[in-house]
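Notes for the structure review
Chain by chain, the residues run as shown.
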Amino acid sequence: SILILVCVLQVAVVCGSCVAGGAYIPTMAEEVVMIDKISTLFLGGPPLVKAATGEDVSAEDLGGAKLHCQVSGCSDHFAASEKEAFECVRNVISTLNYEPVPEELLEHEGPLYSSEELLGLAPRDYCCTLPVKLILSRLLDGSRFQEFKASYGTTLVTGFGHVEGHLVGVVANNGELSHHACLKGSHFLQLCSQRSIPLLFLQNTAPQAPEPRDIPQALSQRLKAQASMMAAVACAAVPKITIGIGGCFGSESYLMCGRSFSPNFLFLWPNARVALVDPRHLSTVPQAGDSDCAGDEAELKQLKEKLEEESSAFYSSARLWDDGIILPQNTRKV
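Notes on the structure follow. (Residues numbered from 1 in each chain as written. Predicted model: local features only at pLDDT ≥ 70, side-chain atom pairs only at ≥ 80, totals over all residues. Heavy atoms only, no water.)

Topic: the sheet that holds strand E7 (residues 156-163)
The test is simple: Here, any two strands with at least 2 DSSP bridges between them count as paired. The helix and strand labels rest on DSSP assignments: H or I over at least four residues marks a helix, E over at least two residues marks a strand, and numbering proceeds from the N terminus. For helices, the fitted line uses only the C-alpha atoms of the stretch in contact; every axis is such a line through C-alpha atoms, and the angle between N-to-C directions lies from 0 to 180 degrees. In this analysis, two residues are considered to be in contact whenever any of their non-hydrogen atoms come within 4.5 Å of each other.
The 6 strands lie next to each other as E6-E7-E8-E9-E10-E12, forming an open sheet whose pairing is mixed. Lying at the two open borders of the sheet, with one neighbouring strand each, are strand E6 (146-148) and strand E12 (265-268). Shown here is a sheet whose adjacent strand axes are inclined to one another by a mean of 20°, direction ignored. In the sheet, strand E10 (residues 240-244) pairs with E12 via 4 bridges, with the strands oriented parallel. Considered in E12, the bridge of Gly244 is made with Leu268. The sheet strands contacting helix H8 (residues 179-195) are E6, E7, strand E8 (166-173) and strand E9 (199-203), and the helix crosses E7 at an angle near 25°.

The structure is reproduced here in structure tokens:
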């Protein structure tokens with residue numbers, strides 16, 4: 001006997017209530033669209049909750065579209081109406097990469113905003129993170145970006161777009177990666193790998209403060225989610241291009257497909273900085289009264305200066321740690 005496995009891609013739009021076993025149908029689909037104040041998704045509805053716990057809860061609070069898009073992450077897209085939901089489904093189908101459109105039929109559009117404006121958007125102060133969608137609107141064809149899980153794990157921006165007619169999956173920092181952001185990144189990376197869609201990583205991370213010595217449960221969960229995303233990056237069997245557009249500090253260099261994960265190409269903007277630790281977050285000098293205080297302070301200052309120098313894009317490129325420095329306005333062309 002011969003066993004034939006057929007993989008059929010499934011997309012779900014929830015147009016009503018999915019309860020008990022019916023709740024598994026949309027959550028096992030490729031991507032899920034839920035409609036505000038219409039869609040509900042739960043294993044047991046409000047009557048069952050009332051009988052079991054005595055609590056009065058509305059269907060919307062128990063399993064509505066906002067809950068699953070912002071908190072649980074079970075839904076990938078939020079729609080305000082059924083019409084918007086069906087338009088969203090059409091956009092999702094266009095990113096399945098199942099039957100590519102012939103190359104000669106593709107029309108390449110330029111971004112709606114000038115790429116020259118990227119010079120003014122390149123971040124210089126790494127205490128904060130530039131909203132990465134401003135960068136994407138100047139890189140993608142027609143400035144069109146179909147975001148994935150827009151309301152969930154917002155410190156990571158994921159979604160699909162085209163560059164010179166080529167479909168790409170975008171993974172971009174929008175701040176320090178949280179637990180939810182890492183879970184979202186893992187999900188998106190697996191989708192792109194399954195659909196054979198190349199990945200474009202944009203590193204844009206604010207420096208992280210030192211972690212406390214005692215590891216609370218929340219931090220432990222975050223580390224587990226980071227490990228999951230790291231595994232997804234390593235196992236994604238698609239081309240990967242990484243561009244450092246701002247700061248990239250700490251473990252997020254690994255999560256965002258840094259040099260350690262050997263992306264197909266790794267480019268840096270001139271303002272980019274890559275380091276394990278930001279100089280401002282080095283340990284402080286000992287308290288006054290210590291006999292070695294002056295020496296330690298001088299040593300710390302020297303260490304900060306060295307870290308400041310060696311984290312620059314020019315130091316990295318001079319040692320062939322990447323594929324070169326590119327001007328921000330040439331990013332789309334490169």
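Thoughts on helix H5 (residues 82-94)
What counts is decided by this rule: The span you would expect from a helix comes to 1.5 Å times its residue count less one. Between buried and exposed lies partly exposed: a residue is buried under 20% and exposed over 50% of the maximum accessible area for its type, with that area taken using a 1.4 Å probe on protein chains only. Directions drawn from the helix axis to the C-beta atoms are what define this arc.
Compared with an ideal rise of 1.5 Å per residue, which puts 13 residues at 18 Å, H5 spans 19 Å between its outermost C-alpha atoms and is within 8% of the ideal. The set of residues buried in H5 consists of Ala85, Cys88, Val89 and Val92. All buried residues of H5 project into a common sector of 105° when viewed along the axis, lining one side. Turned more than 90 degrees from where H5 packs its buried face, Lys83 and Arg90 sit exposed. In this structure, the buried side of H5 is in contact with strand E1 (11-14), strand E3 (31-35), strand E5 (77-79) and E6.

Comments concerning the sheet that holds E1
Adjacent strands of a sheet pair through backbone hydrogen bonds, lying either parallel or antiparallel. An order of E1-E3-E5 is seen for the 3 strands of this open sheet, with the pairing classed as parallel. Both outer strands of the open sheet, E1 and E5, are each paired with one neighbouring strand and no more. Adjacent strand axes in the sheet meet at a mean angle of 20° when their direction is disregarded. Bridging between E1 and E3 involves 4 bridges; their strand directions are parallel. Its bridge partner being in E3, Val13 is matched across the sheet by Val33.

Read these as spatial facts, not as claims about activity.
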